[in-house]
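Summary of the model geometry
Residues per chain are reported as follows:
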Amino acid sequence: MSTASPATGTIAIAMSGGVDSSTVAAMLRAEGHDVIGLTLQLWDQNRLAGKPGMPTRSTGRCCSLDDVYDARRVAETLEIPYYVVNQQERFEHDVVQPFVNDYLAGRTPIPCSLCNNHLKFDQLLRTARQIGAERIATGHYARNEYDPARGRWILKRPADLAKDQTWFLFGLTQEQLAHTLFPLGNLTKPEVREIARESHLALADKPDSQEICFIPGGNYKQFIANYLEEQGQPMPDSSGELVSTAGEPMGKHEGIHNFTIGQRKGLGLTSPNPLYVLQIDRDSRRVTVGGESELNTATLNVHRLNWISIPSLDAPLRVQVKIRHVHEPSPALIEPEGEDRVRITFDEPQRAITPGHSAVFYDGIEVVGGGWIL
């Protein structure tokens, strides 16, 4: 295991074309480091353009052609080497296809976490080493440091908790953390934009990307239909019944991929009280609906675990658990259930626990680990 990042040597910066990663490049360049800009070309934004529900041109989203142009322009301003690395095939295999398959199975995936695990850190570090860089730096709002007492790299929440991205980073390995810099970890977003202005970066006021990078317009249902058609695959028939918590039929639906836990709109049901999706059963194709209070659940199971501040979980542990990006970590007990699975029991029931999402475990500001909700 690596015990410390190299103190010297070239740093490869993951440049997405946004203000955060561009500011990282400016900061490290100003500090006198030898830096190289790298952009991973992940998805052809014109691939499904113009198909039903898809805009003819996509702009202002992470990893678009406009972002590549912006990243290159920043590299020219800072006078640093810059390369675009084509990773479209791997992105499709490791991110897009699992995204589609999860929705078809009634789960709600988080593609940004998959991208971080498989590409933005794993592949980026490999590429960096091929061109002579021993470390990578990204614009994520997070902090990492080595704890010699535990002999482990620790991932921590940033100073600006409103921009905290550690929920998306729970899959990072000790090796990746040892060779990654998060220069924005102690800064707020307004401070980052000010540094960008002082560095004469033209995109200092560029808006943040909010959408999934490979889904123009954010219409994931239409994206799935268009993607399957492009692949020559029929849309699987997962139509079935909408049922009450007592199992009573309340209506029909056209496919389980059209729903996510907690969804209220688009159910096609008339009721005196609001109804929400409570459960999606792939095998029976049943979608269970009920009142808002029935969304609250105290327990869940998590698998495909990655541990950061501890090597493994051998006994029950008190932590705080975050089950979605905007969720405040809530007190819970995690207990081992087999080699790669834990059971979580919250002190208070939580709203709309969603299979396919990640659950990340915290001890204060430290990330203990995390996994995927079953």
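Above this text is the structure in question.
Definitions and limits used
Sequence order sets the numbering: in each chain, residues are counted from 1 along the sequence as written. Two thresholds apply to this predicted model, a pLDDT of at least 70 for residue-level local features and 80 or more for giving and counting side-chain atom pairs, whereas whole-chain, interface and lining totals are computed over all residues. The side-chain values count all of the structure's non-hydrogen atoms but skip hydrogen atoms and water molecules. Grid spacing is 1 Å over the protein atoms alone, the probe is 1.4 Å, and a cavity is where that probe fits but cannot get out, while a pocket is an open set with protein on both sides within 12 Å along at least five of seven lines and lining residues have an atom within 4 Å of a point. Grid points are joined across faces, edges and corners, and a volume is the space filled by probe spheres set on the points. In DSSP terms, a helix is any run of H or I states spanning at least four residues, a strand is any run of E spanning at least two, and both are numbered starting from the N terminus. Under the scheme applied here, ten amino acids are nonpolar (Ala, Val, Leu, Ile, Met, Phe, Trp, Tyr, Cys and Pro), four are charged (Asp, Glu, Lys and Arg), and all others, including Gly, are polar. Relative accessibility under 20% of the residue-type maximum defines a buried residue, over 50% an exposed one, and the middle range a partly exposed one, all with a 1.4 Å probe and only protein chains included. Two strands pair if DSSP finds at least two bridges between them. By the convention used here, residues are in contact when the closest approach between their heavy atoms is within 4.5 Å. Axis lines are fitted to C-alpha atoms, over the contacting stretch for helices. Their N-to-C directions set the angle, which ranges from 0 to 180 degrees. Definition of nonpolar core: a set of buried residues of the types Ala, Val, Leu, Ile, Met, Phe, Trp, Tyr and Cys, connected through side-chain atoms within 4.5 Å. As annotated, the domain borders come from an automatic or database domain assignment. Aromatic rings from Phe, Tyr and Trp, with only the six-membered ring used for Trp, were paired whenever their centres fell within 6.5 Å, and each pair was classed as stacked if the ring planes differed by under 30 degrees, edge-to-face if by over 60, and tilted otherwise. Think of it as a cone above the ring: NZ of Lys or CZ of Arg counts as a charge over the ring if it is within 6 Å of the ring centre and within 35 degrees of the ring normal. Basic side-chain nitrogens of Lys or Arg form a salt bridge, by our definition, when they fall within 4 Å of a carboxyl oxygen of Asp or Glu.

**Some words on the layout of surface pockets**
Volume-wise, the second largest pocket comes out at about 710 Å³. What lines the second largest pocket is a set of 30 residues, among which Arg107, Pro355, Gly356, Ile373 and Leu374 lie closest to the centre. Secondary structure elements with two or more residues in the lining of the second largest pocket: helix H3 (88–104), strand S10 (276–281), strand S12 (296–307) and strand S17 (366–373). Among the elements that line the lining of the second largest pocket, the one with the most residues is S12, at 6 residues. In terms of residue class, the lining of the second largest pocket is made up of 16 nonpolar, 7 polar and 7 charged.

**Quick notes on unusual backbone geometry**
Phi is mostly negative for residues that are not glycine, and the peptide bonds are mostly trans. For His200, which is not a glycine, the phi torsion comes out positive at approximately 65°. Here His200 shows up in the loop between helix H7 (189–198) and helix H8 (220–230). Positive phi, normally seen in glycine, also occurs at Arg285, with a value near 65°. Positionally, Arg285 belongs in the loop between S10 and strand S11 (286–290). The class for Arg285 is partly exposed, based on a relative accessible area of 32%.

**Details of empty space enclosed by the protein**
Under the counting rule described, the total for this entry stands at 1 cavity of 30 Å³ or more. Space inside the largest cavity adds up to approximately 40 Å³. Contributing to the lining of the largest cavity are Asp70, Arg73, Val74, Thr77, His200, Leu201, Ala202 and Leu203. Grouping the amino acids of the lining of the largest cavity by side-chain chemistry returns 4 nonpolar, 2 polar and 2 charged.

**Digging into the sheet that holds strand S1 (residues 10–14)**
If you walk across this open sheet you meet the 5 strands as S3-S2-S1-S4-S7, and the pairing is parallel. A strand with exactly one partner marks an edge of an open sheet, and here the two such strands are strand S3 (82–86) and strand S7 (180–181). Relative to S3, strand S2 (residues 35–41) runs parallel, the two sharing 5 bridges. Paired with Thr39 across the two strands is Val84, which belongs to S3. Sheet strands in contact with helix H5 (residues 122–130) are S1, S2, S3 and strand S4 (133–137), and its direction is about 140° off that of S4.

**Digging into the nonpolar core**
Within the largest apolar cluster, 51 residues are counted, with the highest numbers of intra-cluster contacts made by Phe91, Phe214 and Phe223. In terms of residue count, H3 provides more of this core than any other element does, 7 residues in total. Composition of this core by domain shows at least three residues from each of domain 1 (11–139 + 183–220) and domain 3 (296–373). In terms of nonpolar packing, the next biggest core, distinct from the first, is built from 26 residues, Ile13, Ala25, Val74 and Leu184 among them.

**Considering the sheet that holds strand S9 (residues 249–253)**
Pairing in this open sheet of 4 strands is mixed, and the strands run S9-S8-S11-S10 from one edge to the other. Every other strand in the sheet has two partners, leaving S9 and S10 as the edge strands with one partner each. With strand direction ignored, the average angle separating the axes of adjacent strands in the sheet is 25°. As defined by bridge partners, strand S8 (residues 240–243) adjoins S11 across 2 bridges and the pair is classed as parallel. Of the residues in S11, the one forming a bridge with Val243 is Thr288.

**Concerning H5**
If you check which residues of H5 are buried, you get Asp122, Gln123, Leu124, Leu125, Thr127 and Ala128. In the segment just after H5, Gly132 is the residue with positive phi, at about 95°.

**Remarks on the packing of aromatic side chains**
All told, the structure shown has 13 aromatic pairs when counted by the stated rule. Both rings, one in Phe91 and one in Phe214, keep their centres 5.7 Å apart while their planes meet at 75°; by these two values the pair is edge-to-face. Residue Phe91 is located in helix H3, and its partner Phe214 is located in the loop between H7 and H8; the two are separated by 123 residues in the primary sequence. Ring centres of Trp167 and Phe168 lie 5.1 Å apart, and the angle between their planes is 75°; on these two criteria the pair is classed as edge-to-face. Residue Trp167 shares its accessibility class with Phe168, and that shared class is buried. Ring pairing ties together the aromatic residues Trp43, Phe91, Phe99, Tyr103, Phe214, Tyr220, Phe223 and Tyr227, which thus form one cluster. One Lys or Arg, Arg157, reaches over the ring of Tyr362 and ends 5.5 Å from the middle of that ring.

**Some remarks on the pairing of strand S14 (residues 330–336)**
Relative to S14, strand S13 (residues 317–322) is paired through 5 bridges, and the arrangement is antiparallel. Residue pairing for S14: Gln320 is matched across the bridge by Pro331. Taken together, the 5 bridges between S14 and strand S15 (residues 341–351) define a ladder with antiparallel strand orientation. Considered in S15, the bridge of Leu333 is made with Thr345. From the end of S14 to the start of S15, which pair antiparallel, there are 4 residues, and Gly338 there has a positive phi angle of about 95°.

**A look at the pattern of salt bridges**
Under the criterion given, the structure shown has 26 salt bridges. Among the salt bridges present, the one from Glu92 reaches Arg47, with a minimum N-O distance of 2.8 Å. One end of the pair, Glu92, is in helix H3; the other, Arg47, is in the loop between S2 and helix H2 (65–78), and 45 residues separate them in sequence. One network of salt bridges, with partners in common, ties together Asp20, Lys163, Lys189, Arg193 and Asp208.

Read these as spatial facts, not as claims about activity.
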